[in-house]
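One letter stands for each residue in the lines below.
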Amino acid sequence: MTGLRFLVLGSAAGGGLPQWNCNCSNCAAARDPSSGLQPQTQSSLAVSIDGETWAIFNASPDIGQQIQQTLQLHPKALRHSPIASVVITNADVDHIGGLLTIREKQAFSLFSTAAIGSVLDASPVFRVLDPDFVARKTIRLDEDFSPLDGLEARIFAVPGKVALFLEDGEPELGLEGEQTIGVEFVANGKRAYYIPGCATLPDWLCDRIRGADLVFFDGTVFTDDEMIRVGTGIKTGQRMGHMPITGDDAGGGSLEALSKLGIGRMVYVHINNTNPIWRQGPERDAVTDAGFEVGHDGMEIELA
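Counting from 1, residues in each chain are numbered in the order their sequence is written. At least 70 in pLDDT is required for a residue's local features to be given in this predicted model, at least 80 for side-chain atom pairs to be given and counted, and no such filter applies to totals for whole chains, interfaces and linings, which use all residues. Note that water and hydrogens are dropped before the side-chain values are worked out from all heavy atoms of the structure.

J.: Report on the pairing of strand β4 (residues 83-87), specifying residues and quantitative values.
T.: For β4, the tally of buried residues reaches four of five residues, placing the bulk of the element in the interior. Criterion used throughout: strands pair if DSSP finds at least two bridges between them. By the criteria applied, helices consist of DSSP H or I runs no shorter than four residues and strands consist of E runs no shorter than two, each listed in order from the N terminus. Both strand β3 (residues 54-57) and β4 contribute to a ladder of four bridges, which runs parallel. The residue of β4 that forms the bridge with F57 is V87. In this region the chain leaves β3, passes through helix α2 (residues 63-68) and returns to the parallel neighbour β4; the handedness of that crossover is right-handed. Where β4 and strand β5 (residues 108-112) come together, three bridges link them in parallel fashion. Considered in β5, the bridge of V87 is made with F111. Each residue is assigned to one of three classes by its accessible area relative to the maximum for its type, calculated with a 1.4 Å probe on protein chains only: buried under 20%, partly exposed between the two thresholds, exposed over 50%. For a crossover, the right-handed case is the one in which the path from the first strand over the helix to the second runs clockwise, viewed with the strands pointing away from the viewer.

J.: Lay out the side chain of Q179 in plain terms, naming residues and giving numbers.
T.: Structurally, Q179 is set in the loop between β8 (151-157) and β9 (181-187). By relative accessible area, which is 14% here, Q179 ends up buried. Here a polar contact is recorded for every N or O atom pair within 3.5 Å, except that within protein the pair must consist of a potential hydrogen donor and a potential acceptor, and residues adjacent in sequence are included only if both atoms are side-chain atoms. Of the polar contacts made by the side chain of Q179, one reaches the backbone oxygen of L175; its length is 2.9 Å. Here a residue-residue contact requires only that any non-hydrogen atoms of the pair lie within 4.5 Å. In this structure Q179 touches T89, N90, A91, A115, I116, V158, G160, K161 and V162, once residues within four positions along its chain are discounted.

J.: An account of a nonpolar patch on the surface is requested, with residue identities and associated values reported.
T.: Only residues above 30% relative accessible area that lack a salt bridge enter a patch, with like-charged residues linked at up to 9 Å and the nonpolar side chains Val, Leu, Ile, Met, Phe, Trp and Tyr linked at up to 5 Å. All accessible areas in this document rest on Shrake-Rupley with a 1.4 Å probe, and a residue is counted as covered only by the protein chains that are shown. Whenever Lys or Arg places a side-chain nitrogen within 4 Å of a carboxyl oxygen from Asp or Glu, that contact is recorded as a salt bridge. Judged by side-chain polarity, V93, F165 and L166 come together as a nonpolar surface patch covering roughly 270 Å² of accessible area. If you trace the backbone, V93 turns up in helix α3 (residues 93-96).

J.: Which residues make up the layout of surface pockets, and what values go with them?
T.: Taken as a whole, the largest pocket holds about 870 Å³ of empty space. Using a grid of 1 Å spacing that covers the protein atoms alone, one calls a set of points a cavity when a 1.4 Å probe fits there but cannot get out, and a pocket when the set is open and has protein on both sides within 12 Å along at least five of seven lines; lining residues are those with an atom within 4 Å of a point. Lining the largest pocket are 44 residues, and of these G14, D92, D94, L164 and M240 sit closest to its centre. Sorting the residues of the lining of the largest pocket by element identifies α3 and α4 (114-122) as the ones contributing at least two each. Per-element accounting of the lining of the largest pocket gives the leading share, four residues, to α4. A breakdown of the residues in the lining of the largest pocket according to their chemical character gives 19 nonpolar, 19 polar and six charged. Grid points are joined across faces, edges and corners, and a volume is the space filled by probe spheres set on the points. Of the voids in this model, the second largest pocket is the one considered here, and its volume is about 340 Å³. What lines the second largest pocket is a set of 16 residues, among which R79, H80, S81, E104 and Q106 lie closest to the centre. Ten residues, namely Ala, Val, Leu, Ile, Met, Phe, Trp, Tyr, Cys and Pro, are considered nonpolar, four, namely Asp, Glu, Lys and Arg, are considered charged, and the remaining ones, Gly among them, are considered polar. When the residues that make up the lining of the second largest pocket are grouped by side-chain class, the tally is eight nonpolar, four polar and four charged.

J.: Outline the packing of aromatic side chains, listing residues and values.
T.: Only centres within 6.5 Å qualify two rings of Phe, Tyr or Trp (six-membered ring in Trp) as a pair; their planes then separate them into stacked at under 30 degrees, edge-to-face at over 60, and tilted for everything else. The final tally for this structure, using the stated rule, is eight aromatic pairs. Between F111 and F145, the ring centres sit 5.2 Å apart and the planes meet at 45 degrees, which makes this aromatic pair tilted. One end of the pair, F111, is in strand β5; the other, F145, is in strand β7 (residues 144-148), with 34 residues separating them in the sequence. Its relative accessible area of 5% is what places F111 among the buried residues. According to the relative accessible area criterion, F145 is buried, its value standing at 7%.

J.: Please provide a residue-by-residue account of the pattern of salt bridges, values included.
T.: By the definition in use, this model includes ten salt bridges. D207 is the partner of R210 in a salt bridge, and the nearest nitrogen-oxygen pair spans 2.9 Å.

J.: Before we move on, could you go through unusual backbone geometry and cite the residues and values that matter?
T.: Here the amide bond leading from L17 into P18 is cis, since omega sits at 0 degrees, within 30 degrees of zero. Even without a glycine there, the phi angle at N188 is positive, about 55 degrees. Positionally, N188 belongs in the loop between β9 and β10 (190-195). Residue N188 is classed as partly exposed on the basis of its relative accessible area of 42%. Phi at H270 is positive, roughly 55 degrees, even though this residue is not glycine. By the element assignment, H270 lies in the loop between β12 (265-269) and α8 (282-289).

If you want it as structure tokens, here you go:
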């Protein structure tokens, strides 16, 4: 047993960094090898307790590239994978699209809530996951499950919304249910959380993660109106179901709220291409000066 081990496979939000059709300052820098800003793939996390067998949380459309650049996930035989399971935290394309890549009749367990599972069931394309090899398992809110032998996990609802492609008019924002979940990990006396999408931090959620050894949290946008100001979109972070890192006087951001919770290590993930924390500057300084870390592809954390 080596402890609770995490590998950030993808740290960026939907579309990655750079996005294919964007030339904002971050995307332009990510295309320039001399800039120092490395390209980042879409949101995904790998978890293990022995360093040999892994559970993947969210199957990014970039999962093929992520596996290729992660030695721990390479096959060890002619037909083999260290990936024992995949757990989906919401039905966004950047979290389910990669299921179409890992369809080559490889055995693994696919965990989701009933609500997320119904989204997969409604799309015939996901039938490429051969049920003779891929065991579909429904997990319920606030009940323990084991994505790996020896790893205790529990999912819980966090404020969010339905996936973009499921919106019909204006969606309910801050919805708490099976459509957006966080994950709690407990092993070897350590407690960690993965919350890549979250619209708000209500008191009950703060109380839940208070004093954790490690939290990966939604860092999509630095300010709520970021995409509007940059000129890449017309939606606020809140409208997309994501809490900004900083807020105005009427509503603080996640940085202020999380700073009060006594968490051992705080890591922002699911970071949008427009977010200024990707680069050196006052916004990144605000995050790092508060003791927070900016997640990046290949980041490895072990809680021994």
